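# Results of the structural survey
Take a look at the letters that make up each chain.
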Amino acid sequence: FSIYHPYFCGACVFWGGGCIYCLKKIMATYNKKVLDVITRYVPLVAGIMYTVVGAAYIMKKDFGWGVIWVSYATANFGLMVVGNQ
């Protein structure tokens, strides 16, 4: 980190851009972005994989397991919708 980051304070000059207060603000912003990506795309990827497995079971004529896996996919898509509101 340098003295040019937006959370500039006097301690940044003294410690070379690494004061604890400024680093916490920067990391809080970074962590929020990473967590947003995780909560949006991990359920989507899991839902797609569950759908593929459910379709494979249905193609094997094992409808019970097919319905179970498709319902897992539906639950993940529902979690994604609720989590993005």
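Look up: the structure comes first, before these words.
## Re a nonpolar patch on the surface
- A cluster of nonpolar residues, V34, L35, I38 and V42, forms a patch on the protein surface that exposes about 330 Å² of accessible area.
- Tracing the chain through its elements places I38 in helix α2 (residues 20-59).
- Note on I38: relative accessible area 42%, which makes it partly exposed.

## Overview of the environment of A73
- In this structure, A73 sits in helix α3 (residues 63-83).
- Accessibility expressed as a relative area gives 3% for A73, which makes it buried.
- Separated by 29 residues in sequence, A73 and L44 place their C-alpha atoms 8.8 Å apart.
- In this structure A73 touches G47, Y50 and T51, once residues within four positions along its chain are discounted.

Analysis parameters
Residues numbered from 1 in each chain as written. Predicted model: local features only at pLDDT ≥ 70, side-chain atom pairs only at ≥ 80, totals over all residues. Heavy atoms only, no water. Patch = residues over 30% accessible without salt bridge, like charges linked within 9 Å, V, L, I, M, F, W, Y side chains within 5 Å. Areas by Shrake-Rupley, 256 points an atom, 1.4 Å probe, with all protein chains shown as cover. Salt bridge = Lys/Arg side-chain N within 4 Å of Asp/Glu carboxyl O. Helix = DSSP H or I, 4+ residues; strand = E, 2+ residues; numbered from the N terminus. Buried < 20%, exposed > 50% of the residue type's maximum accessible area, 1.4 Å probe, protein only. Contact = heavy atoms within 4.5 Å.

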